[in-house]
Amino acid sequence: MSPLFPMLTVLTMFYYICLRRRARTATRGEMMNSHRTIESNSRTSPLNAEVVQYAKEVVDFSSHYGSENSMSYTMWNLAGVPNVFPSSGDFTQTAVFRTYGTWWDQCPSASLPFKRTPPNFQSQDYVELTFEQQVYPTAVHVLETYHPGAVIRILACSANPYSPNPPTEVRWEILWSERPTKLNASQARQFKPCIKQINFPTNLIRLEVNSSLLDYYTELDAVVLHGVKDKPVLSLKTSLIDMNDIDDDAYEEKDGCGMDNLNKKFSSAVLREGPNNGYFDKLPYELIQLILNHLTLPDLCRLAQTCKLLSQHCCDPLQYIHLNLQPYWAKLDDTSLEFLQSRCTLVQWLNLSWTGNRGFISVAGFSRFLKVCGSELVRVELSCSHFLNETCLEVISEMCPNLQALNLSSCDKLPPQAFNHIAKLCSLKRLVLYRTKVEQTALLSILNFCSELQHLSLGSCVMIEDYDVIASMIGAKCKKLRTLDLWRCKNITENGIAELASGCPLLEELDLGWCPTLQSSTGCFTRLARQLPHLQKLFLTANRSVCDTDIEELACNCTRLQQLDILGTRMVSPASLRKLLESCKDLSLLDVSFCSQIDNRAVLELNASFPKVFIKKSFTQ
């Protein structure tokens, strides 16, 4: 037999494995766009007609620019037929997320990133939509009307939200994914990615976005789901697979090393006695630990199975000081938490944002985990974790005595009485309550006992009756406060601003966007400028009363200013903006959209004189 024959056999088997792996796993947008995919013959079958439907309902989302009590710029605008498309521009009838660009990562309220976050997880926001009929998806079209390019991942869920019976199993499959890319055009487009075929019908679609490369807010108008009622039959026609398309996700699915297999990986107690590890055994323990710090959590799962030495290292609690489980939200469950418990006894930073929804994590499972692993926690991220209830917050307050940062952003299903337990966390320095149902009594108690607060977010908290009372308590108790988000607080007046300005002189960031009851004629903005010289970020978005006097006061007193948003004012002239730009040398973001005295010509002139400043001027077609 020729010595070449075994080699050819190995190569043939390897090529076959590659084809099978590619047929099973989610393919990247680059591969789909170059038509290297399995083709479906379902569209040509007259007995399996394609169903085309717009979203029926928006059931969950992480943030939006709009108010909880209106439809302008809210995620709810994604339901139904298009309101704007094919027009381009800034329209209130579209869905807009809260942030864009990198500005929010550069302001004083920004949190430090978690270590060991997998590089392929770059989602920042999400929205989930339901459709009337369950179908096998053949296409998903996203109608983008302004600054497109934010959508980076589209997923489908096996659960039917309208079914009266809860499903025994809930699966999420990635239909399409791509890394963030920058598009130079801001015009409307119909985004039509080539999606992967899945083996279950769905009427629940999730879009995940990353807006970090955008020049302004992205606006989405509608989502269209194309699909067939009957399971399509794959044709046998396949094309060559580019070896560069094989990625870590494929290996993860094939080898079963995802989060749903943590119990198998970490509980593999029986490891064969292997040969001597050579010089690797001679490396210092600390050096091996340092090397392993660069691995993702699934990689640690894999490595733990190789030998006893590495299993010992992979199970060392020092590897889990920072535990970021958000990237694995689609598979993380009670079993995963149970098998992580023994390794997380020293965990200090815990990120469970987006996890546990639709029954994946129970209150009992979360409580058991914190009772074992909560004593050293100083930071807990629970954004959009809808499994939380009052019991969970009570457990946090009892099991995490050293907690300094708590993020409950968009936990809008938490009952109001649950927030009373936060007052027991007297060491808190950061508290995010954006889009929650915290009530005034509970918040006053929190402010009274948590006097170490430095960062506080109360944006879109619609259950608070009197923000002046809250501002007065903040000024009296939170002397160390550095950042405060009062985005869309409905009733703060010049009295509350006076209490804040006099009681919190260290403020570096203040968001008063869309606060309609503040009027420049009362002198409230002048007071802010004179009493808060450390301000780096000030948002006065949609306050039409901001005038030249306010801008000139900022120029004289707030020379450290880096970000200023005065969108929508009618009273500011180019001359006062020029004074501001000349005085505030660090200014990098200035939003003058819909400022009636600042036309495009004025923006061009200011850009020419101050090229380092990003001056934003939105438009409506």
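Look up: the structure comes first, before these words.
This report concerns the structure included in the present document. (Residues numbered from 1 in each chain as written. Predicted model: local features only at pLDDT ≥ 70, side-chain atom pairs only at ≥ 80, totals over all residues. Heavy atoms only, no water.)

## Section: the overall build of the protein
Consideration 1: A tally of helices and strands in the protein yields 18 helices and 21 strands.
Consideration 2: Expressed as a percentage of its 621 residues, the buried residues of the protein come to 53%.
Consideration 3: Counting only contacts in the protein whose residues sit at least 6 apart along the sequence, the fraction spanning at least 24 positions is 81%.
Consideration 4: Element-wise, carbon and sulfur atoms account for 54% of the exposed surface of the protein, whose accessible area totals about 26,900 Å². (Helix = DSSP H or I, 4+ residues; strand = E, 2+ residues; numbered from the N terminus. Buried < 20%, exposed > 50% of the residue type's maximum accessible area, 1.4 Å probe, protein only. Contact = heavy atoms within 4.5 Å. Areas by Shrake-Rupley, 256 points an atom, 1.4 Å probe, with all protein chains shown as cover.)

## Examining the sheet that holds strand β19 (residues 563–565)
Hydrogen bonding along the main chain pairs the strands of a sheet, whether they run parallel or antiparallel.
Consideration 1: The sheet built from twelve strands is open, its strands ordered β10-β11-β12-β13-β14-β15-β16-β17-β18-β19-β20-β21 with parallel pairing. The sheet terminates laterally at β10 (322–324) and β21 (614–616), the two strands that pair on one side only. Averaged over neighbouring strand pairs, the angle between their axes works out to 5 degrees when direction is ignored.
Consideration 2: Pairing of strand β12 (residues 379–381) with strand β13 (residues 405–407), which is carried by three bridges, proceeds in the parallel orientation. Looking at β13, one finds that E381 is bridged to N407. (Pairing = 2+ DSSP bridges. Axes fitted to C-alpha atoms, helices over the stretch in contact; angles between N-to-C directions.)

## Regarding a nonpolar patch on the surface
Consideration 1: Residues F280, L283, L287, L290 and I291 make up a contiguous nonpolar surface patch of about 400 Å² in total accessible area.
Consideration 2: Turning to its location among the elements, L290 is positioned in helix α6 (residues 285–292). (Patch = residues over 30% accessible without salt bridge, like charges linked within 9 Å, V, L, I, M, F, W, Y side chains within 5 Å. Salt bridge = Lys/Arg side-chain N within 4 Å of Asp/Glu carboxyl O.)

## Examining the nonpolar core
Consideration 1: Formed by 110 residues in total, the largest nonpolar core has its most connected members in L408 and I474.
Consideration 2: For I474, the contacting residues outside a window of four places in its chain are L447, L456, L458, L481, L484, L500 and C504.
Consideration 3: In this structure, A55, V58, L129 and V142 belong to the second largest nonpolar core, which totals 31 residues. (Core = buried A, V, L, I, M, F, W, Y, C linked by side-chain atoms within 4.5 Å.)

## Structural notes on unusual backbone geometry
Consideration 1: Of note, the bond from F85 into P86 is cis; its omega dihedral lies within 30 degrees of zero at 15 degrees.
Consideration 2: One non-glycine residue, Y73, lies in positive phi territory at about 60 degrees.
Consideration 3: Following the sequence through the fold, Y73 ends up in the loop between β2 (57–61) and β3 (95–96).
Consideration 4: Judged by relative accessible area, which is 8%, Y73 ranks as buried.
Consideration 5: Its identity is not glycine, yet C384 carries a phi of approximately 60 degrees, on the positive side.
Consideration 6: Structurally, the position occupied by C384 is in the loop between β12 and α11 (390–399).
Consideration 7: By relative accessible area, which is 0% here, C384 ends up buried.

## Considerations on the pairing of strand β6 (residues 172–177)
Consideration 1: Most of β6 is tucked away, with five of its six residues classed as buried.
Consideration 2: Taken together, the five bridges between strand β5 (residues 151–157) and β6 define a ladder with antiparallel strand orientation. Bridge pairing links R153 to S177 in β6.

## Here we look at the pattern of salt bridges
If charged atoms from side chains of opposite charge come close, those side chains can pair.
Consideration 1: With the rule as written, the count across this model stands at 21 salt bridges.
Consideration 2: Note that R98 is salt-bridged to D511, the shortest N-O span being 3.1 Å. Pair noted here: R98 is in the loop between β3 and α3 (103–106) and D511 is in strand β17 (residues 509–511), with a separation of 413 residues, a long-range link. Taken as a pair, R98 and D511 share a single burial class, namely buried.
Consideration 3: D412 is the partner of R435 in a salt bridge, and the nearest nitrogen-oxygen pair spans 3.3 Å. Residue R435 is found in the loop between β14 (430–432) and α12 (440–449), and its partner D412 is found in the loop between β13 and β14; the two are separated by 23 residues along the sequence.

These values are about where atoms sit, not about what they do.
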